[in-house]
Amino acid sequence: MIASVRGEVLEIALDHVVIEAAGVGYRLNVTPATLSTLTRGEESRLFTAMIVREDSMTLFGFADTESRDLFGLLQTVSGVGPRLAMAVLAVLEPEALRKALAESNVAALTRVPGIGKRGAERMVVELRDKVNLVPVQAGPPGSTPTPVLTPVREQVVEALVGLGFPIKQAEPAVDAVLAENPAADTSKALRAALGSLGKNR
């Protein structure tokens, strides 16, 4: 089991990074929040969860152990796999997720693409008492903007569609974010668009 990877960040994409450790490049699927802490060419360490299937081995990377532990906890719920667990953490940061589960806030959970009312209710019932067993991270990781080499709008719209939002919702949300903050990089624009879309669901 690979628990963490430390090394130079070789590549930053919309939903993953490649980190070289001991001469091996590891591809890790990450959330927008984790992406915003990384810079190409700098050394970083990500905590990881490894999912092994018959036809694949996939690494998921997290800036802190709290997010990694919540990622594992989410998958104990029936019908929640790695992709959906990452979508939850992309929309709800650890503190917001804990609060939503503790307060049985179904509306907050249904902001996540792919989670309906019944799924959110199931998550609340199954995780409400378990979520407080996951240690809280001592302090938030530092945030370093990632340089964007291609048009931000196109990348963010593509990422939102990949998370399950219809393109008719994604495009106006991204346009509104970029109109308000034209200098936003991909990670910041994606997080702002996710927040906007979540409020309107």
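Residues numbered from 1 in each chain as written. Predicted model: local features only at pLDDT ≥ 70, side-chain atom pairs only at ≥ 80, totals over all residues. Heavy atoms only, no water.

Side note on the sheet that holds strand S4 (residues 43-53)
Item 1. In space, the 5 strands of this closed barrel follow the order S1-S2-S3-S5-S4, with mixed pairing throughout. Across the sheet, the mean angle from the axis of one strand to that of its neighbour is 55°, orientation sign disregarded.
Item 2. Packing against the sheet, helix H2 (residues 65-74) makes contact with S4 and strand S5 (56-62), and its axis sits at approximately 10° to S4.
Item 3. Together, strand S3 (24-29), S4 and S5 form the strand contacts of helix H3 (residues 82-91), whose direction differs from that of S5 by roughly 15°. (Pairing = 2+ DSSP bridges. Helix = DSSP H or I, 4+ residues; strand = E, 2+ residues; numbered from the N terminus. Axes fitted to C-alpha atoms, helices over the stretch in contact; angles between N-to-C directions. Contact = heavy atoms within 4.5 Å.)

Let's talk about the packing of aromatic side chains
Two descriptors summarise a pair of aromatic rings, namely the distance from one centre to the other and the angle between the planes of the rings.
Item 1. Under the counting rule described, the total for this entry stands at 2 aromatic pairs.
Item 2. Here the aromatic rings of phenylalanine 60 and phenylalanine 71 are separated by 5.0 Å at their centres, their planes lie at 40°, and the arrangement is tilted. Note that phenylalanine 60 is positioned in strand S5 and phenylalanine 71 in helix H2, a separation of 11 residues in sequence.
Item 3. Counting every residue linked through ring pairs, the aromatic cluster contains Phe60, Phe62 and Phe71. (Phe/Tyr/Trp six-rings, centres within 6.5 Å; stacked < 30°, edge-to-face > 60°.)

Describing H2
Item 1. The complete set of buried residues in H2 reads Glu66, Ser67, Leu70, Phe71, Leu73 and Leu74. Axial view of H2: buried residues confined to an arc of 165°, hence all on one face.
Item 2. Considering only its buried residues, H2 is in contact with S4, S5, H3, helix H4 (94-102) and helix H6 (117-127).
Item 3. One side-chain oxygen at the N-terminal end of H2 lies 3.3 Å from the backbone nitrogen of glutamate 66; it belongs to aspartate 64. (Buried < 20%, exposed > 50% of the residue type's maximum accessible area, 1.4 Å probe, protein only. Arc of directions from axis to C-beta. Polar contact = N/O pair within 3.5 Å; in protein donor to acceptor, adjacent residues only side chain to side chain.)

A word on the packing of H2 against H4
Item 1. Relative to each other, H2 and H4 sit at 40°, their axes nearing to 10 Å. As judged from the angle between their axes, H2 and H4 are oblique. Once H2 is placed against H4, the crossing between them reads as left-handed. On H4, the residues touching Glu66, Ser67, Leu70 and Leu74 of H2 are Pro94, Leu97 and Arg98.
Item 2. In terms of residue class, the contact of H2 with H4 is made up of 4 nonpolar, 1 polar and 2 charged. (Parallel < 35°, antiparallel > 145°, perpendicular 65-115°, else oblique. Left-handed = near helix turned anticlockwise from the far one by under 90°. Nonpolar A, V, L, I, M, F, W, Y, C, P; charged D, E, K, R; others polar.)

Topic: the nonpolar core
Item 1. Membership of the largest hydrophobic core comes to 50 residues, with the highest contact counts inside it found for Phe71, Leu74, Leu97, Leu109 and Leu160.
Item 2. Ranked by residues supplied to this core, first place goes to H3 with 8 residues.
Item 3. Once you skip the residues sitting within four places of it in the chain, leucine 74 turns out to touch Val80, Ala85, Val88, Leu89, Leu97, Met123 and Leu127.
Item 4. Ile19, Val30, Leu35 and Leu59 belong to the second largest nonpolar core, which has 12 residues in total. (Core = buried A, V, L, I, M, F, W, Y, C linked by side-chain atoms within 4.5 Å.)

These results come straight from atomic positions and should not be treated as a statement about function.
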